[in-house]
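As a plain string of letters, each chain reads:
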Amino acid sequence: MASDAAAGLSVLGGRRVLVTGHTGFKGSWLAQWLCDLGAEVTGLALAPATDPNLCDVLGLAGRLTDCRGDVRSPEIVVREVDRARPDVIFHLAAQAIVRAAYPEPAATFATNVMGTVHLLDAVRTLGRPCAVVVVTSDKCYEDRGLRRAYQEDDPLGGHDPYSASKGAAEIVAASYRRSFFPPERFAEHGVSVATVRAGNVIGGGDFSPDRVVPDILRSLLAGQPARLRNPGADGLAGAWNFGPESGDAIPVSELTEQMLRAWGDGSWIDATVAWYKAAERGANRDEVTREQIASFTVRAKALGQRWAGAAR
């Protein structure tokens, strides 16, 4: 999976790419990678939600076409898609915090569901070839208490507003794909729409509240004990989902213990902790980010070669 991601992004040099949500944690990493590959990147997002934030740390506003706007506005989305005329779109703009959806459910649905509608409708009216990747969440599935990892054909659902909004975004994308961009008629419309479902993504530069890694790092930096809401929670993965191999999933409590050990002895194995420790020592965070992207790319390519050898 990592090798596929590395290979897929490597072909985007010189292409026009639109990233919605480029001021967020994952969006900033993606935008940095795309800029370094030589893509012509346009970002559409609200202002960063935290201070500090990775977008400002990396100085992304000066490296791409930086558009600030709300995906809840169809006029803004249509305008920026028309201006960017993208070959590829990565749609990451979202209300991404589960607990934040409880006090503001309407805003969460408006962003996660209607934001996706506005983006895909702008692609529909654009009338030119384009590949669209809509990033949702592993929480888009109906929670049936399964003892296995959820698979792509499991029923969508979600009991809480955040999860329900992600399930609804998946349904929206499937509807547009079937109604306007059917794969069997790709030669006519030239548009492909994919959705990708990820669990918690960890890495350096995440300063968001109510996420396990930033919460642990804030505790470490403040010299306070790490407080865990759900120590037994773990990750899920599937063939098309983004996530670890099923045997590599660990509980949050074990992740915390690994981070504490890595922080204490300066281990280089945990790249996430290495990023924050380098930043704490005053290292150039832009350079650290680039080095980790390069390291990931080398490992992903090597992994892909091993898979190819096994297949033969």
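Scroll up to find the structure.
None of these values were measured; they are calculated from a predicted model. (Residues numbered from 1 in each chain as written. Predicted model: local features only at pLDDT ≥ 70, side-chain atom pairs only at ≥ 80, totals over all residues. Heavy atoms only, no water.)

Caption draft 1: Representation of the packing of helix H4 (residues 74-84) against helix H5 (residues 105-126) in the model. Between H4 and H5, the shortest axis-to-axis distance is 9 Å and the interhelical angle comes to 45 degrees. In terms of orientation, H4 lies oblique with respect to H5. Seen along the crossing, H4 lies across H5 with a hand that is right-handed. Where H4 approaches H5, its residues Pro74, Val77, Val78, Val81 and Asp82 are matched on the opposing element by His118, Leu119, Ala122 and Leu126. For the contact of H4 with H5, a count of residues per class yields seven nonpolar, one polar and one charged. (Axes fitted to C-alpha atoms, helices over the stretch in contact; angles between N-to-C directions. Helix = DSSP H or I, 4+ residues; strand = E, 2+ residues; numbered from the N terminus. Parallel < 35°, antiparallel > 145°, perpendicular 65-115°, else oblique. Left-handed = near helix turned anticlockwise from the far one by under 90°. Contact = heavy atoms within 4.5 Å. Nonpolar A, V, L, I, M, F, W, Y, C, P; charged D, E, K, R; others polar.)

Caption draft 2: Structural view of the nonpolar core. Val17, Val19, Leu34, Val41, Leu54 and Phe90 are the most contacted members of the largest nonpolar core, which totals 28 residues. Sorting the residues of this core by element identifies strand E1 (16-20), helix H2 (25-37), helix H3 (54-57), strand E4 (88-91), helix H10 (271-280) and helix H11 (285-311) as the ones contributing at least two each. Leaving out residues up to four positions away in the same chain, valine 19 has contacts with Gly27, Leu30, Leu34, Val41, Thr42, Gly43, Leu44 and Phe90. Judged by nonpolar contacts, the second largest core, of 24 residues, contains Leu119, Val132, Val172 and Ala173. (Core = buried A, V, L, I, M, F, W, Y, C linked by side-chain atoms within 4.5 Å. Buried < 20%, exposed > 50% of the residue type's maximum accessible area, 1.4 Å probe, protein only.)

Caption draft 3: Focus on the pattern of salt bridges. Tallied over the entire structure, the rule returns 13 salt bridges. Here arginine 68 makes a salt bridge to aspartate 66, at a shortest N to O gap of 3.0 Å. Taking the relative accessible area as the measure of exposure, aspartate 66 reaches 27% and is therefore partly exposed. When salt bridges that share partners are traced, they join Asp36, Arg63, Asp286 and Arg290 into one network. (Salt bridge = Lys/Arg side-chain N within 4 Å of Asp/Glu carboxyl O.)

Caption draft 4: Region of the structure containing the side chain of arginine 128. Secondary-structure assignment places arginine 128 in the loop between H5 and strand E5 (130-135). If sequence neighbours within four positions are ignored, arginine 128 has contacts with Arg16, Arg85, Pro86, Asp87, His189 and Val191.

Caption draft 5: Inspection of the packing of H5 against helix H6 (residues 161-179) at higher detail. At a closest axis distance of 9 Å, the pairing of H5 and H6 adopts a crossing angle of 15 degrees. In terms of their interaxial angle, H5 and H6 are classed as roughly parallel. When you trace H5 past H6, the crossing you get is right-handed. Contacts from Pro105, Thr108, Phe109, Asn112, Val113, Thr116, Val117, Leu120, Asp121 and Arg124 in H5 reach Pro161, Tyr162, Ala164, Ser165, Lys166, Ala168, Ala169, Val172, Ala173 and Tyr176 in H6.

Caption draft 6: Representation of H6. The end-to-end C-alpha distance of H6, which contains 19 residues, comes to 26 Å, matching closely the 27 Å that a straight helix rising 1.5 Å per residue would cover. Residues of H6 that are buried include every one of Pro161, Tyr162, Ser163, Ser165, Lys166, Gly167, Ala169, Glu170, Val172, Ala173, Ala174 and Tyr176, and no others. Each element contacted by the buried residues of H6 is listed here: H5, E5 and strand E6 (191-196). The backbone nitrogen of tyrosine 162 has a side-chain oxygen 3.2 Å away, supplied by the residue at the start of H6, namely aspartate 160. (Expected span 1.5 Å × (residues − 1). Polar contact = N/O pair within 3.5 Å; in protein donor to acceptor, adjacent residues only side chain to side chain.)

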